[in-house]
Every structure is written in C-alpha cells, then in structure tokens.
Amino acid sequence: MPRDHRPAKSVRVLLAEDQQMMRGALALLLGMEPDIEVVAQVSAGDEIVDTALVSRPDVALLDIELPGMSGLDAAAELREQVPDCQVLILTTFGRPGYLRRAMEAGAAGFLVKDGPVEELAEAIRRVLTGETVIDPALAAAALSAGPNPLTARECDVLKASVDGATVADIAGKLHLSESTVRNYLSSAIGKTGTRNRMEAMREARQQGWL
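Small disclaimer: the values here were computed from a predicted structure and weren't measured. (Residues numbered from 1 in each chain as written. Predicted model: local features only at pLDDT ≥ 70, side-chain atom pairs only at ≥ 80, totals over all residues. Heavy atoms only, no water.)

Peer 1: Explain the overall build of the chain to me, please; I cannot follow it from the model alone.
Peer 2: Along the backbone of the chain there are 10 helices and six strands. A principal-axis box enclosing the C-alpha atoms of the chain has dimensions of 65 × 35 × 30 Å. Counting over 210 residues, the chain shows a buried share of 44%. For the chain, long-range pairs separated by at least 24 residues make up 65% of all intrachain contacts whose partners lie at least 6 apart in sequence. When the accessible area of the chain is evaluated, it comes to approximately 10,500 Å², of which 51% is carbon and sulfur surface. Mean positive and mean negative side-chain charge positions of the chain (22 and 30 charges, respectively) differ by 4 Å. (Helix = DSSP H or I, 4+ residues; strand = E, 2+ residues; numbered from the N terminus. Buried < 20%, exposed > 50% of the residue type's maximum accessible area, 1.4 Å probe, protein only. Contact = heavy atoms within 4.5 Å. Areas by Shrake-Rupley, 256 points an atom, 1.4 Å probe, with all protein chains shown as cover. Lys, Arg positive; Asp, Glu negative; His and termini not counted. Charge placed at Lys NZ, Arg CZ, Asp CG, Glu CD.)

This is the structure:
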C-alpha cells in the first residue's frame, strides 16, 4: 500500500512523551505508517486522560517518567475512564518492577525505546487485536527478579524521602506518626539490603518499585 494512501480506518494513537524532540520524532515516524494516525500529543502525565476523553485514541503510547503523573498511574486511570483504549508503555527504563506495575495497571504492552520504529508500529497493531506485547529480554528479567518486596506504605515513605525530607516532614505529609515512619523506613532498608533510606530509595527506583 502506498504510504500516501491511508485506509478508511487508521489506528488512532495518543502519544505521551515529555521530551519534545523525541515526541516529534515518534509522531513523524509513526505518521509515515499507512495505517497509523497520531491524533494527540501530550507532554505531561496529568494531561493524558482528559486528552484521551476528547481524542478517543485506539492506543495510548505512554512514557513512564512524566511530569504531573507517571505513565503507569495514567494507564490505570485510562483503564477506568477510556476502557476501549489499549495502553502501550514505551520507556527508556527497562526495569522489571516497571513491567510488573504496568501489567497491574492494565497495560497491553511494554517496550523500550531502543527498538526500531517498525517494531513499535507492529506492537501498536498487535495490542489493538488483543495481544500482549512485551520486550522479550525484559520479560525474562522480570521473571527472575521476583515481585516487589515493599508494601505500599513502605513505597510511600521512600517516595516522601526525596530532597532530604526529615522523618517529621514525611510523617506530616503522610499523616503518620514519626515512630511509624521510622518503622516503615527500617523495614524498607532491610528489604532492599541497603544501609540507609537514601540508598533504599535509589535501589527501589533502580528496580522499578517506585
């Protein structure tokens, strides 16, 4: 099929990527596919659902680390509010924990950005037919890594530990007592095999648990 002739029904894609150059390149390359149309582009996670409600994409192509809201959180909201839209995560960070969280959020696929655009276009078509598309190397790594050992509250206190926040700061932010915060931090440090909360936070991020 000539590339300048689109079929009557193209796959409608929403693209969420905070780096303008990457977003523009992806939109251009995907737009060259005869059966794919990029109908919306956003740069922040908290714009995804509202934009999808208006543009009604068939597939949402989401980065993970976005301003406002992560692509993983947006994927969960899309599942609730735009259930006909399939979510495909495309990220630089191929971390096993991210893959598990993406699947739990209802994503239909998970790919890393270093693959060819033809592979991405094919993944978009496949998730639209109901298939689950996962980067093979990442799938193997996720199986060997095991589940996230941290509880939701342990993740919360680690996230709140950024920028040198004190125990009192964390307690106030999460509406917990300081002793409870210390207990959660101690547990998270033990589970991550690290020496302090900053190392625990870095390890948890590296694994994709946060």
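The structure having been displayed, the exposition proceeds.
Peer 1: Help me understand the pattern of salt bridges, please; the structure alone is not making it clear to me.
Peer 2: Oppositely charged side chains may form a pair once their charged atoms are brought near each other. Taken as a whole and judged by the stated rule, the model has 10 salt bridges. A salt bridge links Glu154 to Lys191, with the nearest nitrogen and oxygen atoms 3.0 Å apart. Note that Glu154 is positioned in helix α7 (residues 152-159) and Lys191 in helix α9 (residues 178-192), a separation of 37 residues in sequence. Residue Lys191 is classed as partly exposed on the basis of its relative accessible area of 37%. Three or more residues are tied together by salt bridges with common partners; here these are Glu33, Asp35, Glu122 and Arg125. (Salt bridge = Lys/Arg side-chain N within 4 Å of Asp/Glu carboxyl O.)

Peer 1: Looking at this model, I keep getting lost on the environment of Ile134. Mind explaining?
Peer 2: Secondary-structure assignment places Ile134 in strand β6 (residues 133-134). Given a relative accessible area of 28%, Ile134 falls into the partly exposed group.

Peer 1: I tried to follow the nonpolar core on my own but got confused; where do I start?
Peer 2: The nonpolar side chains of a soluble globular protein tend to be buried with one another. If you look at the biggest cluster of nonpolar residues, it comprises 26 residues, and the most contacted ones within it are Leu14, Ile48, Leu62, Leu78, Ile89 and Phe110. Of all the elements, helix α3 (residues 71-81) adds the most residues to this core, at four residues. (Core = buried A, V, L, I, M, F, W, Y, C linked by side-chain atoms within 4.5 Å.)

Peer 1: Just to check I follow, could you spell out a negative patch on the surface for this structure?
Peer 2: Taken together, the side chains of Asp46, Glu47, Asp50, Asp73, Glu77 and Glu80 present a region of like negative charge at the surface. With three residues, the top contributor of residues to the negative patch is α3. The topology assignment puts Asp73 in helix α3. (Patch = residues over 30% accessible without salt bridge, like charges linked within 9 Å, V, L, I, M, F, W, Y side chains within 5 Å.)

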